[in-house]
Amino acid sequence: MEWETVIGLEIHAQLATRSKIFSGAATVYGAEANVQACAVDLGLPGVLPVLNAKVVEMAIRFGLAVNAEIPSRSVFARKNYFYPDLPKGYQISQYEHPIVSKGRIDIKLEDGSTKTIGITRAHLEEDAGKSVHEGFGNFTGIDLNRAGTPLIEIVSEPDMRSAKEAVAYMKKIHSIVRYLEICDGNMQEGSFRCDANVSIRPKGQKEFGTRSELKNLNSFKFVELAINHEVERQIDILESGGKVIQETRLYDPNKNETRSMRSKEEANDYRYFPDPDLLPVEIDKETIERIRSTLPELPDAKKQRFMDEYRLSEYDSEILTANKDMAAYFEKAIQSADGEAKLCANWIMGDLSAVLNRENRDIMESPVTPEMLGGLILRIKDNTISSKIAKEIFEAMWDGEGDAGTIIEKKGLRQVTDAGAIEKLVDEVIVESPAQVEQYQNSTPEKQGKLIGYFVGQIMKKSQGKANPEQVNELLINKLKTD
Amino acid sequence: MLLHKSDIDKIAWLARLAIAEHDVSNYTRDLSNILDLVEQMDQVETGEIEAMAHPLEIPARLRPDEITENNQKDHFQQVAPAVKNGHYLVPKVIE
């Protein structure tokens, strides 16, 4: 039987505020245990939560960026459950009246087509603390620094049909929250994480199958692996006559498998009710319009502009605009490169991205600044250097040896374009290679095209890569002519 | 609305309350009576009325995003039953 996969994602993005959602404690990552947990975060008796205005603004920014409605009124609710890192015995979240209602975004599929993914809602909530199970003997250590950190939970419609689509959607949301500067997107630190609801059904069937919820997916790679693994597991169950049970499963990246977290005790019964400590939030039209006017250019709009303004392909534009910082780097480099957009794009997506990946560095920390890269590209364009030498100069710039001009002079890398000097090298090589000359002259034009590479190679070697390759080619072809 | 013993067991479990076996019948009767009292509301026509989230007819006041709380960890941990290396200790939680 042919099966169809149905996926919906719940993404938790940590909002990049200075203080917590309901208290004035700091939210800095990596602080010493419990130094950022105040009386409100600890759930001590007599405290009252007070909502952070920035959190509301950030949620509205997100809603507007995903074409969502912002209801005029939203309400906080208590989600009740017991766990040691949740001191109050309930999490303040939103239930019936989330701050952001229905929205949608477009994702790009592998075949180049576009698909719209619905967003059911996005609501605000507080994060829980952290349980540390190692290092405390028969106890568990609780660090409440993270308790009360603001989160926006973004719930998608079950619109995705493969793990790849789920990853494309997650990457798009990641890109949007970073463009909006409402979340740092750091997945290692848990600022951006997701749960996936996965089910399968016979192709053509309208009703959904029974779903399982995968937790602990903190990288794009794990989302893809875990979903694919879960789909296989469900197919095996159904094809051997079994039934999928609705349950929560934990993904284990070390074993690449999911295992059930289900236990009788865990049966979810959260008994949501409006939090009497918090009044409803009212958002007027003026506030929404004021926030709308501060929205930055978003990835889709920027991509279209790159295609129109710089004549880049959709593929190049998509890659360059997926990351806000990379897009900004590109636009700065162009300014220093006299508008050479395609060359800038190639260098950023090629050599620069490769070395950033290799050294695991962010483009903002690149020792080669956009101005330096632009300068290098100018030198290629005005024929001072060849593309091959440019790679050498790029490495030297990365190693802190100065800008392109300095390195060219210091290392004597200026390209030889003097016709007389090049001709001398061409003549030398021809004299030194009688056998190859004879073979060349007795070959078909098609074969000659391949054989000429030998001569070019020898000449470039003699010039230490500095001879202008086009000039060398032209001279060679003329000199090797038999007539 | 008549509750059953199993409802009481479940409610007690959700609230992490240890209820003595001989008290269960009392709780069953008392909670059922409370629900009966509330059930009278069902006779009122409420179709046109928006559910109330809060009895106060005012919107939330928001605070600016500023750090106003400084570190009082040592103070708070004085009243904790057990702490180690800055962490609050609880009986081991196995996932």
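Computed from a prediction, not measured in an experiment: that's the story for all the values here.

*Asks:* What should I look at first to understand the environment of serine 6 of chain B in this one?
*Replies:* The topology assignment puts serine 6 of chain B in helix α1 (residues 5-14). Along the chain, serine 6 of chain B and threonine 28 of chain B lie 22 residues apart, while their C-alpha atoms are 9.5 Å from each other.

*Asks:* How should I be thinking about the interface of chain B and chain A in this particular structure?
*Replies:* When the parts of a complex come together, some accessible area is lost, and that lost area is often taken as the interface size. Between chain B and chain A, the residue contacts involve 36 residues of the former and 53 residues of the latter. Scanning the region where chain B abuts chain A turns up 3 salt bridges. Close ionic contact of aspartate 269 of chain A with lysine 10 of chain B constitutes a salt bridge, the shortest N to O distance being 2.8 Å. Our count for the chain B to chain A interface comes out at 26 residue pairs in polar contact (both at pLDDT 80 or more). At the level of secondary structure, the elements contributing two or more residues to the side of chain B that touches chain A comprise α1, α3 (73-77) and β2 (87-91) of chain B. At 5 residues, β2 of chain B tops the list of elements feeding residues into the side of chain B that touches chain A. Partitioning the side of chain B that touches chain A into residue classes produces 17 nonpolar, 7 polar and 12 charged.

*Asks:* It is not clear to me how the domain arrangement of chain A should be interpreted in this structure. Could you clarify?
*Replies:* Residues and elements named next belong to chain A. Here chain A is described as being made up of domain 1 (3-287), domain 2 (297-411) and domain 3 (419-482). Measuring from the centre of the C-alpha atoms in domain 1 to the corresponding centre in domain 2 gives 36 Å. Each partner contributes to the interface: domain 1 provides 10 residues, whereas domain 2 provides 14 residues. Both faces combined, the contact of domain 1 with domain 2 buries some 920 Å², and carbon together with sulfur accounts for 54% of it. Among the residues of domain 1 in contact with domain 2, Lys108, Arg178 and Tyr179 are the three that bury the most area, contributing 63% of the side total. One salt bridge in this structure joins lysine 172 and aspartate 300, with 2.8 Å as the shortest N-O distance. Those elements that place two or more of their residues in the side of domain 1 that touches domain 2 are β5 (103-108) and α3 (163-179). Per-element tally for the side of domain 1 that touches domain 2: the top contributor is α3, with 5 residues.

*Asks:* What is the right way to read helix α16 (residues 469-480) of chain A from this model?
*Replies:* One turn of the α-helix equals 3.6 residues, which is why residues spaced by three or four share an orientation. In this model, α16 of chain A (12 residues) spans 16 Å end to end at C-alpha, consistent with the 16 Å of a helix rising 1.5 Å per residue. Buried residues in α16 of chain A make contact with α13 (419-432), α14 (434-441) and α15 (445-462) of chain A.

*Asks:* Before we go on, may I ask you to explain a nonpolar patch on the surface in this structure?
*Replies:* Residues Ile34, Leu37, Val38 and Met41 of chain B make up a contiguous nonpolar surface patch of about 420 Å² in total accessible area. By the element assignment, methionine 41 of chain B lies in the loop between α2 (24-39) and α3.

*Asks:* What should I look at first to understand the sheet that holds strand β9 (residues 150-156) of chain A in this one?
*Replies:* Note on sheets: strands pair through backbone hydrogen bonds, and any given pair is parallel or antiparallel. All names here are of chain A. The sheet built from 8 strands is open, its strands ordered β5-β6-β9-β1-β10-β11-β12-β13 with mixed pairing. A strand with exactly one partner marks an edge of an open sheet, and here the two such strands are β5 and β13 (257-260). The mean inter-strand angle of the sheet, taken between neighbouring strand axes irrespective of direction, is 30 degrees. By the bridge criterion, 7 bridges tie strand β6 (residues 114-126) to β9 in an arrangement that is antiparallel. Residue pairing across strands places arginine 121 opposite valine 155, the latter belonging to β9. Here helix α2 (residues 53-65) sits on the sheet in contact with β6 and β9, set at roughly 25 degrees to β9. Against the sheet, α3 contacts β1 (3-14), β5, β6, β9, β10 (192-202) and β11 (212-217), and its axis sits at roughly 115 degrees relative to β5.

Parameters and conventions
- Residues numbered from 1 in each chain as written.
- Chains lettered and ligands numbered in written order.
- Predicted model: local features only at pLDDT ≥ 70, side-chain atom pairs only at ≥ 80, totals over all residues.
- Heavy atoms only, no water.
- Helix = DSSP H or I, 4+ residues; strand = E, 2+ residues; numbered from the N terminus.
- Contact = heavy atoms within 4.5 Å.
- Salt bridge = Lys/Arg side-chain N within 4 Å of Asp/Glu carboxyl O.
- Polar contact = N/O pair within 3.5 Å; in protein donor to acceptor, adjacent residues only side chain to side chain.
- Nonpolar A, V, L, I, M, F, W, Y, C, P; charged D, E, K, R; others polar.
- Domains from an automatic or database assignment.
- Buried area = accessible area lost by both parts, 1.4 Å probe.
- Expected span 1.5 Å × (residues − 1).
- Patch = residues over 30% accessible without salt bridge, like charges linked within 9 Å, V, L, I, M, F, W, Y side chains within 5 Å.
- Areas by Shrake-Rupley, 256 points an atom, 1.4 Å probe, with all protein chains shown as cover.
- Pairing = 2+ DSSP bridges.
- Axes fitted to C-alpha atoms, helices over the stretch in contact; angles between N-to-C directions.

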